[in-house]
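Below, each chain spelled out in residue letters.
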Amino acid sequence: MRFSRVLRAGAVATAMGLALAACGSGNQDSGGGGGDSGGGDSLTIGIKFDQPGLGQKTPDGYEGFDVDVATYIAKELGVDADNIEFVEAKSADRETLIKNGDVDFIVATYSITDKRKAEVDFAGPYFIAHQDLLVRADDSSITGPETLNGKKLCSVTGSTSAQKVKDEFADKVDLQEYGGYSECLTGLESGAVDAITTDDTILAGLAAANEGKFKLVGKGFSDENYGVGLKKGDTDMRDKINAAIKKMEDDGAWKSSLEKHLGPADYNIPEPPEITEK
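The rules we used
- Residues numbered from 1 in each chain as written.
- Predicted model: local features only at pLDDT ≥ 70, side-chain atom pairs only at ≥ 80, totals over all residues.
- Heavy atoms only, no water.
- Helix = DSSP H or I, 4+ residues; strand = E, 2+ residues; numbered from the N terminus.
- Contact = heavy atoms within 4.5 Å.
- Polar contact = N/O pair within 3.5 Å; in protein donor to acceptor, adjacent residues only side chain to side chain.
- 1 Å grid on protein atoms, 1.4 Å probe; cavity = no way out; pocket = protein on both sides within 12 Å on 5 of 7 lines; lining within 4 Å.
- Points joined across faces, edges and corners; volume = space filled by probe spheres on them.
- Nonpolar A, V, L, I, M, F, W, Y, C, P; charged D, E, K, R; others polar.

Asker: It is not clear to me how the environment of Glu177 should be interpreted in this structure. Could you clarify?
Answerer: The residue Glu177 is located in strand S10 (residues 174–178) in this model. C-alpha of Glu177 to C-alpha of Thr157: the two residues are 20 residues apart in sequence and 5.3 Å apart in space. When residues no more than four places from it in sequence are discounted, the contact partners of Glu177 are Ser155, Val156, Thr157, Gly158, Ala162 and Lys166. Polar contacts involving the side chain of Glu177 include one to the side chain of Lys166, which spans 3.0 Å.

Here you go:
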């Protein structure tokens with residue numbers, strides 16, 4: 001696993017001490033977990049910072065379903081919550097963060113796609129969401145994607161939702177791409193845009209955090225398989241993360257987290273998905 005600079009220096013010193021001890025005893029067994037994937041004192045995990053209910057930075061720390069999933073996985077890898085460093089993983093930056101080694105893995109509403117799998121690997125999926133629309137509470141003109149003609153639609157740069165709009169609705173809507181969902185929400189509230197489109201989980205979190213101001217249209221028009229993104233070829237880490245996800249689903253922690261974070265928006269909690277990335 002990726003250590004912070006301070007911990008990495010300490011790990012090197014410890015490894016030198018163990019090597020000297022091994023020379024004296026004749027014991028050649030390192031006792032380690034095997035490579036960077038096995039065991040460690042800290043983890044750097046990418047999450048979203050601006051998604052209420054999923055991944056949100058607050059004055060007291062970080063909260064949301066994705067944060068709970070990340071923390072559960074870390075625990076199963078032997079890392080306490082206090083030794084997790086959360087970093088912001090914006091949609092357009094996720095592959096770069098993984099490939100540069102800036103994070104150990106990413107849990108950030110990260111949809112598994114063939115294009116992304118050419119650059120990074122995934123564990124999971126740990127959730128299946130559906131692209132939907134969020135509108136102002138008093139707007140009855142938008143009831144689904146078929147009613148978007150001439151509307152200003154907001155999504156986030158680098159997201160699968162934005163790409164789907166470009167692929168299927170480019171001739172019907174005026175797509176505005178912003179850096180984060182909080183910016184889209186400001187635009188929706190002010191009337192600068194008519195709707196936000198992204199995964200229904202994200203929209204439910206935004207609606208729950210702004211009670212009475214916005215509503216979810218509730219007409220999903222895609223399947224978004226959320227996976228844990230990690231370095232390509234790290235099958236050992238992928239297998240360990242898959243095992244952690246399965247355990248979280250089986251012991252009830254998965255459902256409890258969703259009920260806590262998305263329940264206030266009357267979100268219908270589905271059954272856990274089958275893990276397919278192996």
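Okay, back to it.
Asker: Teacher, can you tell me more about empty space enclosed by the protein here?
Answerer: Unfilled space is identified by rolling a water-sized probe across the atoms. Per the stated rule, a full pass over the model turns up two cavities of 30 Å³ or more. Thr109, Ser159, Thr160, Tyr181 and Asp199 are the residues nearest the centre of the largest cavity, which is lined by 13 residues in total. Sorting the residues of the lining of the largest cavity by element identifies helix H5 (160–168) and strand S11 (195–199) as the ones contributing at least two each. Looking at the lining of the largest cavity residue by residue, the class counts come to two nonpolar, seven polar and four charged. The volume enclosed by the second largest cavity comes to roughly 60 Å³. Lining the second largest cavity, in full, are Lys48, Phe49, Asp50, Glu88, Ala89, Lys90, Ser91, Val156, Gly179, Gly180 and Tyr181. In terms of residue class, the lining of the second largest cavity is built from four nonpolar, three polar and four charged.

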